[in-house]
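# Breakdown of the fold
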Amino acid sequence: MSIYDTLNEQQREAVYQTEGPVLILAGAGSGKTRVLTHRTAYLIEEKGVNPYHIMAITFTNKAAGEMRARLASTLGEEIAASVNASTFHSACVRILRRSITLLGYDSDFAIYDADDARRLMKNCLSDVNVSEKQFPPRSVIQEISRAKDAMISPAEMLEDAGGDYRKMMIAKLYGVYQQHLRASNALDFDDIIYLTVELFRRFPEELAKYQYRFPYVLVDEYQDTNHAQYQLISLLTHASGNLCVVGDDDQSIYRFRGATIENILGFEEEFPQCTVIRLEQNYRSTQNIL
């Protein structure tokens, strides 16, 4: 018996529809991880796609690890290891390690954590002679983070400030903060995706390499993507059009971090020829919950 015989009708449709844009709407417990795993296996075993050419993106290391483990049990360790199953940030770090020199950084850049970023912001506040009481480092970093998630540069933030003193100062601090990061050959967590998108926008030949490398892209929890992540996926899949996203249009847990639910709600408008599949059978919850 084939592994695909264990899937229900909707799950099989999601697995077999390998070409073009596909939107899989799946609630908790509907078997979406299983579908992504089987879809990846189907691409490799039945469609002859080299696993090296598949990118499967999740939001957490735990989810990425689970997907790799499932692929290993289905396809074997060696084949599963060739699939790029990782988080957004892990995937982008690998890209930047190879190509960030084009943006003027060294490839051995450091990645600052939240504490490093706050300490750096304190230095920035001192540089522009404003008090931490007036501009708490944590809140300034949060505003800069939201700007990077939205792909807004310091110059664009300053232009959008419209003469508002506080907004103008945040934009100025943003610029000074980025100057310090660059001088230290360092990135903060939000730079990882922001700079990858900038790399692809500024260097089309570099983007073309990764479009060739990854003609098949799968994204889990698409409802939790922010604008920068959306831009990244859009650029990567523009050439092939083979984008499969899975998400729950009724739930987004990362709105506070810039997640844009419109990414999933507007998918059909952006891709008029897309296939929409709903996984409606719940395999996890008890009958009382259902």
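In the block above lies the structure referred to throughout.
Within each chain, residue numbers correspond to sequence positions counted from 1 in written order. Totals for whole chains, interfaces and linings use all residues, but because this is a predicted model, local features are given only for residues with pLDDT of at least 70 and pairs of side-chain atoms are given and counted only at 80 or more. To get the side-chain values, take all heavy atoms of the structure and skip hydrogens and water.

Once that is clear, we can look at the overall build of the chain. Summing up its helical and strand segments, the chain has 14 helices and eight strands in all. The globule rule puts the C-alpha radius of gyration for 290 residues at 19 Å, and the 21 Å found for the chain is close to it. For the chain, the spread of C-alpha atoms along the three principal axes comes to 70 × 45 × 35 Å. Residue exposure (1.4 Å probe, protein chains only): buried if accessible area is under 20% of the type maximum, exposed if over 50%, otherwise partly exposed. Relative to its full complement of 290 residues, the chain shows a buried share of 51%. Long-range pairs, those at least 24 residues apart, make up 76% of the contacts in the chain between residues at least 6 apart in sequence. Using the Shrake-Rupley algorithm and a 1.4 Å probe, accessible areas are obtained, with residue cover drawn only from the displayed protein chains. When the accessible surface of the chain is totalled, it reaches about 14300 Å², and 47% of it is carbon and sulfur. We count a stretch as a helix when DSSP gives it H or I for four or more residues in a row; a strand needs E for two or more, and each element gets its number in order from the N terminus. To get the radius of gyration, use the C-alpha atoms; to get the globule rule, take the number of residues to the power 0.38 and multiply by 2.2 Å. Only heavy atoms matter for contacts: two residues are in contact if any of them lie within 4.5 Å across the pair.

Quick look at the sheet that holds strand β3 (residues 84-87) now. One open sheet holds the six strands; their spatial order is β3-β2-β6-β7-β1-β8, and the pairing between them is parallel. Looking at the sheet topology across the chains shown, the edges are occupied by β3 and β8 (275-279). With strand direction ignored, the average angle separating the axes of adjacent strands in the sheet is 15°. The rule for pairing is simple: two strands pair if DSSP sees at least two bridges between them. Where strand β2 (residues 54-58) and β3 come together, four bridges link them in parallel fashion. When the sheet's bridge partners are listed, A56 is paired in β3 with A85. Lines fitted to C-alpha atoms define the axes here, with helix axes fitted over just the stretch in contact, and angles between the N-to-C directions of these axes take values from 0 to 180 degrees. Of the strands in this sheet, β1 (22-26), β2, β6 (216-219), β7 (243-247) and β8 touch helix α2 (residues 32-45), which is tilted by about 170° from β6.

So, on to helix α12 (residues 227-237). Burial of α12 is extensive: nine of the 11 residues sit out of reach of the surface. Three or more residues of α12 are buried, namely A228, Q229, Y230, Q231, L232, I233, L235, L236 and T237. Two N or O atoms form a polar contact when they lie within 3.5 Å of each other; inside protein one atom must be a possible hydrogen donor and the other a possible acceptor, and for residues adjacent in sequence the pair counts only when both atoms belong to side chains. Sitting at the amino-terminal end of α12 is N226, which places a side-chain oxygen 3.1 Å from the backbone nitrogen of A228.

As a further point, take the pattern of salt bridges. In a structure, side chains of opposite charge can pair up when their charged atoms sit close to one another. What makes a salt bridge here is a side-chain nitrogen of Lys or Arg within 4 Å of a carboxyl oxygen of Asp or Glu, nothing more. Applying the stated criterion to the full structure yields 10 salt bridges. With a closest N to O distance of 2.9 Å, E66 and R70 form a salt bridge. Of this pair, E66 and R70 both sit in helix α3 (residues 61-75), separated by four residues, roughly a single helical turn. A residue is classified by how much of its surface remains accessible, and E66, at 34% relative accessible area, is partly exposed. In this structure, the salt-bridge partner of K209 is E206, at a minimum N-O distance of 3.3 Å. Placement of both K209 and E206 in helix α11 (residues 204-213) is noted, with a separation of three residues, approximately one turn of the helix. Residue classification places E206 among the buried positions, given a relative accessible area of 8%. Beyond isolated ion pairs, a larger network of salt bridges with shared partners links K32, D220 and E221.

Bear in mind that shape data such as this cannot, by itself, settle questions of function.
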